[in-house]
Amino acid sequence: MAIKTFLLQCWRVFARPSVHFSLGFLTLGGFIAGVVFWGGFNTALEATNKEAFCISCHEMRDNPYEELKQTIHFTNRSGVRASCPDCHVPHEWTDKIARKMQASKEVWGKIFGTIDTREKFLDKRRELAEHEWSRLKANNSLECRNCHSAESMDITKQNPRAANMHETYLFTGQNTCIDCHKGIAHRLPDMHGIDPGWSMKTSAK
Amino acid sequence: MKTRILIAALAFLAAAPAFVTGVVAADGPAGPKLPSGPHPITLDVQAESTHREIVDDVKNMRNYADQPPLIPHAIRDYQIDLNINKCMTCHDRRNTQGSQAPMVSVTHFQDRDGQTLGTVSARRYFCTQCHVPQTDAKPIVGNSFRDFDAVLGTAGREGGK
């Protein structure tokens, strides 16, 4: 009963016309506040979408980031580098927000130290990897394709082995990038029971 | 007196290699290439340029029948550990149809007592202990190896008779 009267009181305050402030102040003030809020929100969002933010936690800095440093996505002949969010956060706004909401679980993990030692990280690695595999499988390897599009892939420039594989599995739509290219930027977890993308078992599906 | 001359001569001989090296180094990049052996610690020697990996997918002839075949493709970041053997994702018996890669030799299916196993023996697990990729580097040291046919003088003859 008390809650009902409280809510009713709130509604009355909210619905009553303003006594002290002009309509112009309220609309313009509301507009400016909106701009500030929206700008601030997006700035904060962008700040959490940077490599520096990801590796500000030791879990990420000492494990996946250290491994990334050795791979071709970090250092290569052309000097293009993929940083954490390039592969792990969708670039489109709505998808990005959805992923960010999902990532609130990671804040929980950080607070309660789910992977705060190397051993805990290694124990959980298969599960963490599986999440990323299924995410990339579900969105048809969207984050790979932000840079590597099948349309602009000139397979005559690839060695015959790679060209053949892409023709057989990628261009036919049978497989997506992640089916074959697992563990390209990080070390792989225990892979027992996981067949490569070109194995007859996965291809027959 | 004689001993002193002998000692002086020996000292000169001992110093001679260092002297020669110094001269060579003074020539700079235009001079003959420094051997990779010891040279004065104060000398700045330009690092040799790195060599390109040969990744053309062309099988190399083996110099002798038991030679582990060379790897003709890039193996950067290939993981071979308790979690996964990246090589075997293609060369394993179960995966060769999809990958069209050569299957690991049956010699790998035996343990050290000659017992045949169902899969690759643990002692054969670390591929790069024997199988290596090549670069375009020229050998630093000469090699007088001749293969079986060259030794017998039967090169080019059918069946090696």
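Residues numbered from 1 in each chain as written. Chains lettered and ligands numbered in written order. Predicted model: local features only at pLDDT ≥ 70, side-chain atom pairs only at ≥ 80, totals over all residues.

Novice: Let's hear about the overall build of chain B: which residues, and what values?
Specialist: On a plain count of helices and strands, chain B comes out with four helices and zero strands. Scanning chain B from its N terminus toward the C terminus, one meets helices and strands in the order α-α-α-α. In chain B, buried positions account for 8% of the 161 residues. Across chain B, the fraction of contacts at a sequence separation of at least 24, relative to all contacts at a separation of at least 6, is 37%. (Helix = DSSP H or I, 4+ residues; strand = E, 2+ residues; numbered from the N terminus. Buried ≥ 20, exposed ≤ 12 C-beta atoms within 10 Å, placed from the backbone. Contact = placed C-beta atoms within 7 Å.)

Novice: So what about the overall build of chain A? Which residues, and what values?
Specialist: Within chain A one finds 13 helices and zero strands. Reading chain A from its N end, one meets helices and strands in the order α-α-α-α-α-α-α-α-α-α-α-α-α. Relative to its length of 205 residues, chain A is extended, with a C-alpha radius of gyration of 24 Å against a globular reference of 17 Å. The dimensions of chain A, computed from C-alpha atoms along their principal axes, are 80 × 40 × 35 Å. For chain A, the share of sequence-separated contacts (at least 6 apart) that also reach a separation of at least 24 residues comes to 57%. (Rg over C-alpha atoms; globule rule 2.2 N^0.38 Å.)

Novice: Give a description of the interface of chain B and chain A that names residues and reports values.
Specialist: Across the boundary between the two partners, chain B contributes 14 residues, which contact 17 residues of chain A. Examining the composition of the side of chain B that touches chain A, we find that three residues originate from one element, helix H3 (residues 96-99) of chain B, more than from any other. Along the lines of polarity and charge, the residues of the side of chain B that touches chain A split into two nonpolar, eight polar and four charged. (Nonpolar A, V, L, I, M, F, W, Y, C, P; charged D, E, K, R; others polar.)

Novice: Requested: an account of the environment of Asn164 of chain A, with residues and values cited.
Specialist: The residue Asn164 of chain A is located in helix H11 (residues 160-170) in this model. When the C-alpha positions of Asn164 of chain A and Asn175 of chain A are compared, they lie 14 Å apart, and in sequence the two are 11 residues distant.

Novice: I'd like to hear about helix H8 (residues 104-111) of chain A, residue by residue, with values.
Specialist: Of all eight residues that make up H8 of chain A, zero are buried, and the element is exposed over most of its length. Directly beyond the C-terminal end of H8 of chain A, a positive phi value near 65° is found at Gly113 of chain A.

Novice: Now, about unusual backbone geometry: what can you tell me, with residues and values included?
Specialist: All names here are of chain A. One non-glycine residue, Asn140, lies in positive phi territory at about 55°. With 12 C-beta atoms packed within 10 Å, Asn140 lands in the exposed category. Here the phi dihedral of Ser141 falls at roughly 55°; this positive angle occurs in a residue that is not glycine. Within the secondary structure, Ser141 sits in the loop between helix H9 (118-138) and helix H10 (142-145).

Novice: If you had to explain the confidence of the model for chain B to someone new, which residues and values would you point to?
Specialist: All names here are of chain B. On average, chain B scores 80 in pLDDT, and the residues at 70 or more come to 71%. Averaged pLDDT values for the elements of chain B fall to 52 in helix H1 (residues 2-26) and rise to 94 in helix H2 (residues 88-91). For residues 16-31, every residue scores under 50 in pLDDT, and the model assigns this stretch eight contacts once sequence neighbours within four places are set aside. Reported confidence for the predicted complex is 0.78 by ipTM and 0.76 by pTM. (pLDDT = per-residue confidence, 0-100.)

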